[in-house]
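Coordinates in review
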Amino acid sequence: MPRLLQIDPAAPDEIALGLAAAQLAAGRLVAFPTETVYGLGAHALDAAAVARIFAAKSRPATNPLIVHVADEFAARQLAEEWPPAAHLLAARFWPGPLSIVVRRRALVPDIVTAGGPTVALRVPAHPVALALLRKSGLPIAAPSANRSLEVSPTTAQHVAQSLGEAVDLVLDAGPTTAGIESTVIDLSERPWRVLRPGPITPAQVAECLGETVVVGSIGSTQRSTARSPGMQARHYAPRALVACLSAADAPATIEQAHRAGRSVGVIHRRCEAMVLPADGKFPAVSLPDDAAGFASGLYAALRELDEQGVDVIFVVEPPDGEEWLAVRDRLARASAPPL
Ligand code: TXA
Ligand code: MG
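What you see is a predicted model; the values in this text were computed from it and never measured. (Residues numbered from 1 in each chain as written. Chains lettered and ligands numbered in written order. Predicted model: local features only at pLDDT ≥ 70, side-chain atom pairs only at ≥ 80, totals over all residues. Heavy atoms only, no water.)

**A word on the sheet that holds strand β11 (residues 214-215)**
What the 11 strands build is an open sheet, ordered β1-β8-β2-β3-β7-β4-β6-β5-β9-β10-β11; its pairing is mixed. Two strands lie at the open edges of the sheet, namely β1 (3-6) and β11, each paired on one side alone. Relative to strand β8 (residues 169-172), strand β2 (residues 30-33) runs parallel, the two being bridged by 2 bridges. In the strand pairing of β8, Ala31 is matched with Val170. Sheet strands in contact with helix α6 (residues 127-136) are β2, β4 (66-68), β7 (140-141) and β8, and its direction is about 135° off that of β2. (Pairing = 2+ DSSP bridges. Helix = DSSP H or I, 4+ residues; strand = E, 2+ residues; numbered from the N terminus. Contact = heavy atoms within 4.5 Å. Axes fitted to C-alpha atoms, helices over the stretch in contact; angles between N-to-C directions.)

Next comes the structure, spelled out in structure tokens:
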């Protein structure tokens, strides 16, 4: 098991931060909490350290990393150009769950950007992430701290289970709040495009910019695939099969799967508890009715049911509406057939 250091998000301990910062400066990997999911961090300008991230995750070299920075000023040091739109978004949403893709400067190593001309930048809102960025004075490249194609970690325990000894240190500040990965917006060329839906909705981005943005339905066009190479259809997937069901179909389908001898788990919104058979023979996770609350608990729920060894996880489909876009995106990926 890796070394886990507890750290209080309300008052991050300077000694723990100093230790983590020293590890990063020495080229080692430190997992840390952000407001979205835990990240697997390395000194972003140290190509050898970043290579260790790819090895630890078995991540394809074609999938670029997000670089975390302490503030907009630090972001600009890594960007070839910083368009007015980037400033508007940074002023409004940073620190926060928005990654902004812009043209990169040459000092950003090729390995970080998968050789591409752009870099994704984000100032995270978690007090521990921010304190670590400030203490280390480094830009930190950090993908989600899980092995490639697994569900992203929302606790330090998830990180340890997923990466084991491959990570040198894990800062444990308890569960993350947003629970799904940041929104990724590409400002490197027009049309501006949301490459990955997340906690900040396309409407919020458009409202801030005073312009519409395209939502890249990932994989739907070659262009969007090329622009966000990491967005394979199958992603965020547990071991069990995941299937989405309408609340109307759920009771019959769940019964049927059970009678066919499959072990079944169910994830549903609290208000839809009636989809569960009354005898309670299925492990079920009940999540909050609102999109943010549901997103916050989704990955832990998938992991929990996976650990119980179920064959199938039925998820009762969330409602339509833009606030559910990111959740629907993650569920679609979790339920896509393996590549
Ligand atoms: O919330 C988050 O974004 C978390 C926390 C740790 O910050 N990080 C995260 O990283 O989810 P990762 O590596 O799991 O996902 C990064 C996504 C990938 O889909 C990747 O392809 C895309 O961002 N990306 C990174 N750099 C890019 C670039 N230059 N152009 C287009 N897409 C990029
Ligand atoms: Mg990831």
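Let us keep going from here.
**A look at the packing of aromatic side chains**
Here the structure, examined in full by the defined rule, presents 2 aromatic pairs. Ring plane angle 40° and centroid distance 6.0 Å describe the contact between Trp82 and Trp94, whose orientation is recorded as tilted. Of the two residues, Trp82 sits in the loop between α3 (72-78) and α4 (84-93) while Trp94 sits in the loop between α4 and β5 (98-103), which places them 12 residues apart along the sequence. In this structure Trp82 comes out as buried when scored by relative accessible area, which is 12%. When its relative accessible area of 11% is taken as the criterion, Trp94 is described as buried. Ring centres of Phe294 and Trp324 lie 5.4 Å apart, and the angle between their planes is 70°; this geometry places the pair in the edge-to-face category. Taken as a pair, Phe294 in helix α11 (residues 291-307) and Trp324 in the loop between β15 (312-316) and α12 (325-335) lie far apart in primary sequence, 30 residues in all. (Phe/Tyr/Trp six-rings, centres within 6.5 Å; stacked < 30°, edge-to-face > 60°. Buried < 20%, exposed > 50% of the residue type's maximum accessible area, 1.4 Å probe, protein only.)

**A look at the packing of α11 against α12**
At a minimum axis separation of 9 Å, α11 and α12 run at an interaxial angle of 30°. By the criterion of interaxial angle, the relationship of α11 to α12 is roughly parallel. Considering the relative orientation of α11 and α12, their crossing is left-handed. Here α11 contributes Ala291, Phe294, Ala295, Leu298 and Tyr299 to the contact with α12, which in turn contributes Val327, Arg330 and Leu331. Per-class residue counts for the contact of α11 with α12 are 7 nonpolar, no polar and 1 charged. (Parallel < 35°, antiparallel > 145°, perpendicular 65-115°, else oblique. Left-handed = near helix turned anticlockwise from the far one by under 90°. Nonpolar A, V, L, I, M, F, W, Y, C, P; charged D, E, K, R; others polar.)

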